[in-house]
Number of protein chains: 2
Amino acid sequence: MAEKTLEDLFHETLRDIYYAEKKIVKALRKQARAAHNPQLQAAFEKHEEQTEKHVERLEKVFDIIDKRARGKTCEAIEGIISEAEEVMETFKGSPALDAGLLAAAQAVEHYEISRYGTLRAWAEKLGYDEAVSLIDKTLSEESETDDLLTRIAETSVNAAAEKKAA
Amino acid sequence: MAEKTLEDLFHETLRDIYYAEKKIVKALRKQARAAHNPQLQAAFEKHEEQTEKHVERLEKVFDIIDKRARGKTCEAIEGIISEAEEVMETFKGSPALDAGLLAAAQAVEHYEISRYGTLRAWAEKLGYDEAVSLIDKTLSEESETDDLLTRIAETSVNAAAEKKAA
């Protein structure tokens, strides 16, 4: 068996986040439908569009490293999304639903921020400059989304979560 | 069925991270044994000790909200840790192993940062001031650990990952 290298690790991690991003597109669609707060709904919809672009950028990175774009089950994202679905189920009809959806979305963002941060560092080390700039773009959008969600939580969603349902 | 509130959401999320922290103690022990880089090994060992304190702080938060400290399967952390184990298996004996372990540990830290950030905001909204200060302490340690791991990656682990094994 050939020795495993940083190149292999980069490729494996790329496949992991590629699978994750595709899952996230679907999850965001579902979360946008479930959300009540219009700002939160708009944030989910906007980020769904961005996530579709993230998938395309990853396909370009696969091209750069001369590999076929192919995902690999990412158990982390499966777990994170399955928790989000549990919240959706348990808090359906509750004024705290949006707060739960928002928190679950931030868990997703943080997973992605960590993966892209890692991939960026490895791409740099491996000399894939074009990949670095593609990953940077996505990384900025993930961080901006996380910040936007924090603002929505602070300005409306968390306060609404305390109210009794009508 | 009683209406679900932000209080319930706080409690559920507390149970989720309580389960996660206990899993993380064990995972860090394993990762410290697997790591080759002495700085990385020391970082894992130090953070294992901190994580034991995080478990205790969570028990105090359960006390504050007058609930029994009881975890609830956290599928997110199960997924994240199971990916870390896969890396440990696949990259055993490879110079890229440490880079993979470090990246997996950062995914864990980011999950925790997101959960504690959320719990902090909710505790504030619910008026649990003592819980806010306990969560703040843990949150700082998670962020510091993440930063330390980034420094170790940049200064030694990622460079070593490119080298051929002896």
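Within each chain, residue numbers correspond to sequence positions counted from 1 in written order. All chains are assigned letters beginning at A, and all ligands numbers beginning at 1, according to the order in which they are written. Note on the predicted model: pLDDT of at least 70 is required for a residue's local features to be given, and 80 or more for side-chain atom pairs to be given and counted; whole-chain, interface and lining totals, by contrast, use all residues. Values shown for side chains rest on all heavy atoms present in the structure; no hydrogens or waters enter the calculation.

Draft legend 1. Seen up close, the packing of aromatic side chains. Aromatic contacts are taken between Phe, Tyr and Trp rings whose centres are within 6.5 Å, Trp giving its six-membered ring; a plane angle under 30 degrees counts as stacked, one over 60 as edge-to-face, and the others as tilted. Here the structure, examined in full by the defined rule, presents four aromatic pairs over all chains. Taking 5.9 Å as the distance between ring centres and 35° as the angle between the ring planes, the aromatic pair formed by Phe10(A) and Tyr128(A) counts as tilted. Taken together, the positions of Phe10(A) in helix α1 (residues 6–34) and Tyr128(A) in the loop between α4 (97–126) and α5 (129–162) put the pair 118 residues apart, joining distant regions of the chain. A 1.4 Å probe rolled over the protein chains alone gives each residue an accessible area, and that area as a share of the maximum for its type sets the label: buried under 20%, exposed over 50%, partly exposed in between. Look at Tyr128(A) and you get buried, because its relative accessible area is 17%. In this scheme, Lys NZ or Arg CZ marks a charge over a ring once it lies within 6 Å of the ring centre and within 35 degrees of the ring normal. Positioned over the ring face of Phe91(B) is Lys4(A), at 5.8 Å from the centre of the ring. Working definition: helices are DSSP H or I runs of at least four residues, strands are E runs of at least two. Numbering for both runs from the N terminus.

Draft legend 2. Representation of the relation of the copies chain B and chain A in the model. In superposing the copies, a least-squares fit is computed on C-alpha atoms, taking residues whose pLDDT is at least 70 in both. Least-squares fitting of chain B to chain A yields an RMSD of 0.0 Å, with the superposition described by an axial translation of 0.0 Å and a rotation of 180°. Overall, the copies show the geometry of a two-fold rotation axis. Residues count as neighbours in contact if any of their non-hydrogen atoms are within 4.5 Å of one another. Of the residues that chain B buries at the interface, 100% are likewise interface residues in chain A, meaning the two copies contact each other through the same surface.

Draft legend 3. Region of the structure containing the pattern of salt bridges. Whenever Lys or Arg places a side-chain nitrogen within 4 Å of a carboxyl oxygen from Asp or Glu, that contact is recorded as a salt bridge. For the structure shown, the criterion picks out 20 salt bridges over all chains. Ionic contacts of the salt-bridge type, sharing partners, join the residues Glu12(A), Lys72(A) and Glu86(B) into one network.

Draft legend 4. Region of interest: the environment of Ser133(B). Residues and elements named next belong to chain B. When you line up the elements, serine 133 lands in helix α5 (residues 129–162). Serine 133 sits in the partly exposed class, given a relative accessible area of 37%. Sequence separation between serine 133 and lysine 53 is 80 residues, and the spatial gap between their C-alpha atoms is 14 Å.

Draft legend 5. Highlighting the packing of helix α2 (residues 38–64) of chain A against α4(A). All names here are of chain A. Put simply, α2 and α4 touch, their axes get as near as 12 Å, and they point 25° apart. Here α2 lies roughly parallel to α4, going by the angle between them. Note on packing geometry: the crossing formed by α2 with α4 is left-handed. Every residue of α4 that contacts α2 at Leu40, Phe44, His47, His54 and Leu58 is listed here: Asp98, Leu101, Leu102, Ala105, Glu109, Glu112 and Tyr116. Only Asp, Glu, Lys and Arg are considered charged in this grouping, and only Ala, Val, Leu, Ile, Met, Phe, Trp, Tyr, Cys and Pro are considered nonpolar; every other residue, Gly among them, is considered polar. Here the residues of the contact of α2 with α4 sort into seven nonpolar, two polar and three charged. Simply put, an axis is a line fit to the C-alpha atoms, just over the touching stretch for a helix, and the angle between two N-to-C directions goes from 0 to 180 degrees. Any angle between 65 and 115 degrees counts as roughly perpendicular, while under 35 counts as roughly parallel, over 145 as roughly antiparallel, and the rest as oblique. When the near helix sits turned anticlockwise from the far one by under a right angle, the crossing is termed left-handed; a clockwise turn instead gives a right-handed crossing.

Draft legend 6. Up close: the environment of Asn158(A). By the element assignment, Asn158(A) lies in helix α5. Overall, Asn158(A) belongs to the buried group, its relative accessible area being 5%. Along the sequence, Asn158(A) and Ile77(A) sit 81 residues apart, while their C-alpha atoms lie 25 Å from each other. When residues no more than four places from it in sequence are discounted, the contact partners of Asn158(A) are Ala99(A), Ala153(A), Leu6(B), Ala121(B), Trp122(B) and Lys125(B).

Draft legend 7. Expanded view of the packing of α1(A) against helix α3 (residues 75–90) of chain A. Residues and elements named next belong to chain A. Interhelical geometry of α1 versus α3 gives an angle of 10° and a closest axis separation of 10 Å. Judged by the angle between their axes, α1 and α3 are roughly parallel. In this structure, α1 contributes Tyr19, Ala20, Lys23, Ile24, Ala27, Lys30, Gln31 and Ala34 to the contact, and α3 contributes Ile77, Glu78, Ile81, Ala84, Glu85 and Met88. Tallied by class, the residues present in the contact of α1 with α3 amount to nine nonpolar, one polar and four charged.

Draft legend 8. Quick peek at α3(A). Along its 16 residues, α3(A) runs 22 Å from first to last C-alpha, staying within 8% of the 22 Å computed at 1.5 Å per residue. For α3(A), the secondary structure elements touched by its buried residues are α1 and α4 of chain A together with α1 (6–34), α3 (75–90) and α4 (97–125) of chain B. What a helix should span is 1.5 Å times the count of its residues minus one.

Draft legend 9. Representation of the layout of surface pockets in the model. Of the voids in this model, the largest pocket is the one considered here, and its volume is about 370 Å³. Lining the largest pocket are 21 residues, with Gly117(A), Thr118(A), Ala121(A), Thr150(B) and Glu154(B) sitting closest to its centre. Listed by contribution, the elements that provide at least two residues to the lining of the largest pocket are α4 of chain A together with α4 and α5 of chain B. Tallying contributions element by element places α4(A) first for the lining of the largest pocket, with nine residues. In terms of residue class, the lining of the largest pocket is made up of nine nonpolar, seven polar and five charged. Put plainly, a pocket is an open set of points on a 1 Å grid over the protein atoms alone with protein on both sides within 12 Å along at least five of seven lines, a cavity is a set where a 1.4 Å probe fits but cannot get out, and a lining residue has an atom within 4 Å of a point. Taken together, 15 residues form the lining of the second largest pocket, with Gln106(A), Thr150(A), Gly117(B), Thr118(B) and Ala121(B) sitting closest to its centre. Grid points are joined across faces, edges and corners, and a volume is the space filled by probe spheres set on the points.

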